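If you want the building blocks of each chain, they are given just below.
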Amino acid sequence: VTDCLFCGIAAGEIAADVVRESDGVVAFRGVNPVAPTHILVIPRVHLASIQELEHEHAELLGEVFAVIDEIAAEETLSGGYRVVTNVGSDAGQSVHHLHWHLLGGRAMAWPPG
Ligand code: DGP
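This one's a predicted model, so the numbers in the text were calculated from it and none came from an experiment. (Residues numbered from 1 in each chain as written. Predicted model: local features only at pLDDT ≥ 70, side-chain atom pairs only at ≥ 80, totals over all residues. Heavy atoms only, no water.)

Section: the overall build of the chain
Right, so step 1: Helix and strand counts for the chain come out as 3 helices and 5 strands.
Right, so step 2: For the chain, the sequential pattern of α-helices and β-strands runs α-β-β-β-α-β-α-β.
Right, so step 3: Rg of the C-alpha trace for the chain: 14 Å, near the compact-globule value of 13 Å for 113 residues, within the 12% margin.
Right, so step 4: For the chain, the spread of C-alpha atoms along the principal axes amounts to about 35 × 30 × 30 Å.
Right, so step 5: Looking at the 113 residues of the chain, the share that counts as buried comes to 38%.
Right, so step 6: Sequence-distant contacts in the chain: of pairs separated by 6 or more residues, those separated by 24 or more amount to 56%. (Helix = DSSP H or I, 4+ residues; strand = E, 2+ residues; numbered from the N terminus. Rg over C-alpha atoms; globule rule 2.2 N^0.38 Å. Buried < 20%, exposed > 50% of the residue type's maximum accessible area, 1.4 Å probe, protein only. Contact = heavy atoms within 4.5 Å.)

Structure (structure tokens):
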């Protein structure tokens, strides 16, 4: 989608610190990390948020979580980690291309702010 930052990163048109890529997904380090490991996992296809997921995306979702698992092992997040996806303004979603935050490397508070 034109003017979508994460479509630009997925296409390689906008620079990012990409840590993993596959047919369906791209993972890269976010700017302004809020944890020692803060990686964003996105589908290449433009979806605004999980609200736009359909049954046809089942395989893609499997890929997303397989990639998260692989990155968590690579980043040696053996103490655990958190996976978050923000939807809409109450959750503070600022980029409207579906993404999961993989956060780790420090203890997390609960409930989240
Ligand atoms: P959210 O608030 O859930 O929509 O998260 C947006 C994430 O995107 C946040 O972790 C910061 C990251 N981000 C925003 N702009 C850029 C950018 O230009 N490059 C990279 N690598 N990450 C970005």
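Back to the write-up after that little detour.
Notes on the site of the ligand
Right, so step 1: Near the ligand you find 16 residues, and of these Arg29, Asn86, Ser94, His99 and His101 are the closest.
Right, so step 2: In this structure, Gly92 approaches the ligand through a main-chain N or O atom, which is 3.0 Å from an oxygen atom.
Right, so step 3: Note that an oxygen atom of the ligand is positioned 2.7 Å from one of the backbone N or O atoms of Ser94.
Right, so step 4: Considering the ligand on its own, with 520 Å² of exposed area, one finds that the protein chains cover 81% of that surface. (Near = heavy atom within 4 Å. Polar contact = N/O pair within 3.5 Å; in protein donor to acceptor, adjacent residues only side chain to side chain. Areas by Shrake-Rupley, 256 points an atom, 1.4 Å probe, with all protein chains shown as cover.)

Let's talk about the side chain of Gln93
Right, so step 1: Along the chain, the position of Gln93 falls in the loop between helix H3 (88-91) and strand S5 (100-104).
Right, so step 2: Look at Gln93 and you get buried, because its relative accessible area is 10%.
Right, so step 3: A polar side-chain atom of Gln93 sits 2.9 Å from the main-chain carbonyl oxygen of Ala48.
Right, so step 4: A distance of 2.9 Å separates the side chain of Gln93 from the backbone nitrogen of Gly88, its partner in a polar contact.
Right, so step 5: Contact partners of Gln93, with chain neighbours within four places excluded, come to Ala48, Ser49, Asn86, Val87 and Gly88.

Considering the pairing of strand S1 (residues 18-21)
Right, so step 1: Pairing geometry for S1 and strand S2 (residues 25-29), over 3 bridges, is antiparallel. Bridge assignment links Arg20 to a residue of S2, and that residue is Ala27.
Right, so step 2: Counted between consecutive antiparallel strands, the loop separating S1 from S2 contains 3 residues. (Pairing = 2+ DSSP bridges.)

As for the pairing of strand S3 (residues 37-43)
Right, so step 1: Burial analysis of S3 places 7 of its 7 residues in the buried class, the great majority of the element.
Right, so step 2: Of the two faces of S3, the one lined by Thr37, Ile39, Val41 and Pro43 and the one lined by His38, Leu40 and Ile42 are each fully buried.
Right, so step 3: Inspection of the sheet shows S2 paired to S3 by 5 bridges, in the antiparallel sense. Opposite Ala27, over in S3, you have Val41 as the bridge partner.

Structural notes on the state of the cysteines
Right, so step 1: The final tally for this structure, using the stated rule, is 0 disulfides.
Right, so step 2: Considering cysteine sulfurs only, Cys7 is the nearest to Cys4, which forms no disulfide, with 3.7 Å between them.
Right, so step 3: For Cys4, a relative accessible area of 12% gives the class buried. (Disulfide = S-S within 2.5 Å.)

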